[in-house]
Structure formats: C-alpha cells, structure tokens
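Listed below are the residues making up each chain.
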Amino acid sequence: MPLTYQKYLKLQQLLNLQEPRSDGPEQDEMLFIVIHQVYELWFKQLIHELNFIQKAMNESHQANIFHGFKRILSILKVLVSQTDILETMTPVAFNSFRDRLETSSGFQSAQFREVEIMLGKRNKAILAQFKPSDKEHKTLFDLMEKPCLWDSFIKYLNVQGYDVPDNLLNRDYSEAINPNSELQTTLIKIYHERTNLMEMCERLIDLDEGLQEWRYRHVKMVERTIGVKMGTGGSSGMEYLKASVFQPLFPDLWEIRSNL
Ligand code: HEM
C-alpha cells in the first residue's frame, strides 16, 4: 500500500483530537479548541527553529542564523494575526461554554514557557503550574539551566572578535539576563561598523517586539472577551497579563537606541 497523505500526516488521529465539552455543543467551542491546538503546533515549530538558530550561532553559520530568523519571525506574524480569528467570538458566545474549561488556561502551556525560557525568561514561579513529577516540570527546569538565545548570540559576537564581558560569557544560566553597560558599548560599536552583525541585532529586536505584539493582542482579546474577570488559571486576568506586555527580552538592544 503506497503511503498516502492521510497516513503520512496521521490525519485520522489529528482530526479526532477536537472534542468540545459543552452541550450542543456550543457553536464557538470548536474554534476555541482548534485555535489553541494550532498555536501549540506553532509553538512546537518555534522551539524547533530556536534550537536551529542557537546551533547555527554556536557553529558561526551566519546564513543559517538569518534563515532561522526569517522563519521564526514569519511564524510570529501568523501567531499575532490569528488573534483576529478568535476575536470573532463574542463575550456571550465564550460565556456559553467558558465554565467547561474549568481550571484549564493558556497559563499552563508548557511549550509557551519553553519558548519564553529559550528567549531568556527565568521565572521559576511558572514551575508551580506543574507537579514536580510531571515531564513538563523537568523539561522547563532543565531548560532554565541552559544558555538562552542571547547567551548564544553574545558568544557568537565574541567569536566574531568583539569584546564581551567575561561575567556574561560565564554567567549562571539559571539567572535572568540583566542589562550590561560594557556589552552595550560593544553593541554600539557594532551598529557603527559591522552591518551584518547590526542586522542580526535588528532581527533580535524584531523577535522581541513580535512577542510583545503577541502579548498586546492577547491581552486586548482577553479584555474584549472577559473584561476584568479572573482567569480560569486563577490569575487576576487582564491586570496580570498587562504587566508583561512591555517587558523586553533583550534589554541591552533597547537601551542602546538612545545612544546610536
Ligand atoms: C478568548 C480567548 C482567550 C482568553 C479569554 C484568554 C484568557 C487568558 C487569561 C485570563 C490568562 C491569564 C491566566 C489565567 O488566569 O488564566 C491567559 C494566559 C495565557 N493565555 Fe490566554 N486567553 C485566550 C486565548 C488564548 C490563546 C488563543 C492562546 C494561545 C495559545 C492563549 C495563550 C495564553 C498563554 C500562553 C497565557 C500565559 C501568558 C503569561 O503568563 O504571560 N490564550 N489567557
């Protein structure tokens, strides 16, 4: 039997994974499930591509680094624009099945946390969403001990002949990234003399801005759908989400802007 489209993509399994829980079921629950599943698939691809970029940085493979950025940034645009689809769901339509979500929430998306950690976030509190015996708990914990994208990037700059403070090259990876004025001096130099590395910095800024854009669209979607109600995951909802909208991933790249 030759391989078919259905078999290769395991469509039978994939298309059986959408199971609305509401009676009826309510019209919009299918959309709600599909869109979250699609996001999770894209998160999976993002993790795959972030690994690719970090490997390319470690191997000083410039073409692959830029190629990886192009793909990641394209995916991010899709993630942001997908909010348009879910925003066609009215608050009344969401309320018709919201209680069937019980305590489940995007808050518990382990893959979203993986993306954040690979991009440098080091918030141990997110581990509380998982039991210590959960596979996700270990994956996220271990990932926080590893170099993030920024670590690979500054190592790459160093290999390219630029000064990077030793305490950054040998830092404790389980700690968050802090802005560093010595590194900023190097970055400013790069912006004035090395176009290819400056372009790489600009792709990192695109990525940072892209994630902030997703956070903004998500919080507005939350506001228009549930107002100031608490989240199903137990947070204050909109207020909690708003606090993270402008948190940069790569603070040095933002801070140098006033001095370029
Ligand atoms: C009507 C649609 C949505 C509503 C009302 C909503 C609501 C919320 C709320 C209230 C939170 C805060 C945590 C909590 O207490 O539950 C949250 C977090 C989150 N949601 Fe959504 N959400 C929606 C759609 C989505 C979609 C489509 C995704 C895509 C995967 C998503 C991913 C996330 C993530 C990753 C978080 C954690 C953010 C963080 O901690 O910084 N949400 N959501």
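Small disclaimer: the values here were computed from a predicted structure and weren't measured.

A. Examining helix α4 (residues 62-81) more closely. Taking 1.5 Å of rise per residue, 20 residues should cover 28 Å, and α4 covers 29 Å from first to last C-alpha, within 8% of that figure. Regarding α4, the residues found buried are Ile-65, Gly-68, Phe-69, Ile-72, Leu-73, Ile-75, Leu-76, Leu-79 and Val-80. Buried residues of α4 fall within an arc of 165° about the axis and therefore sit on the same side. Away from the buried face of α4 by more than 90 degrees, exposed residues Ala-63, Lys-70 and Lys-77 are located. Where the residues of α4 are buried, they touch α3 (29-58), α5 (83-86), α9 (149-159) and α12 (195-226).

B. Broad picture of α12. The end-to-end C-alpha distance of α12 is 46 Å, a good match for the 46 Å that 32 residues give at a rise of 1.5 Å each. Looking one or two residues past α12, Gly-227 carries a phi angle of roughly 60°, positive in sign.

C. Geometry of the pattern of salt bridges. Under the criterion given, the structure shown has 16 salt bridges. A salt bridge links Arg-113 to Glu-116, with the nearest nitrogen and oxygen atoms 2.8 Å apart. Residue Arg-113 and its partner Glu-116 are located together in helix α7 (residues 110-118), separated by 3 residues, close to a single helical turn. Here Glu-116 falls in the buried class, since its relative accessible area comes to 7%. The partner of Arg-203 in a salt bridge is Asp-206, and the shortest N-O contact between them spans 2.9 Å. On the criterion of helical spacing, the pair formed by Arg-203 and Asp-206 is a turn pair, its members being 3 residues apart in helix α12. Each of the salt bridges in this network shares a partner with another, and the network as a whole consists of Asp-84, Glu-87, Arg-217 and Arg-224.

D. Summary view of the site of the ligand. Neighbouring residues of the ligand: 27 residues in total, closest Ser-105, Arg-113, His-218, Ser-235 and Tyr-240. A distance of 2.7 Å separates an oxygen atom of the ligand from a polar side-chain atom of Ser-105. Between the ligand and Gly-233 there is a distance of 2.9 Å, counted from an oxygen atom to a backbone nitrogen or oxygen. Listing elements by their share of the shell around the ligand, those giving two or more residues are α3, α7, α12 and α13 (238-242). The biggest single contributor to the shell around the ligand is α12, with 7 residues. Among the residues making up the shell around the ligand, the classes are represented as 14 nonpolar, 11 polar and 2 charged.

Rules used throughout
Residues numbered from 1 in each chain as written. Predicted model: local features only at pLDDT ≥ 70, side-chain atom pairs only at ≥ 80, totals over all residues. Heavy atoms only, no water. Helix = DSSP H or I, 4+ residues; strand = E, 2+ residues; numbered from the N terminus. Expected span 1.5 Å × (residues − 1). Buried < 20%, exposed > 50% of the residue type's maximum accessible area, 1.4 Å probe, protein only. Arc of directions from axis to C-beta. Contact = heavy atoms within 4.5 Å. Salt bridge = Lys/Arg side-chain N within 4 Å of Asp/Glu carboxyl O. Near = heavy atom within 4 Å. Polar contact = N/O pair within 3.5 Å; in protein donor to acceptor, adjacent residues only side chain to side chain. Nonpolar A, V, L, I, M, F, W, Y, C, P; charged D, E, K, R; others polar.

Interpretation in functional terms is not warranted from these geometric data alone.
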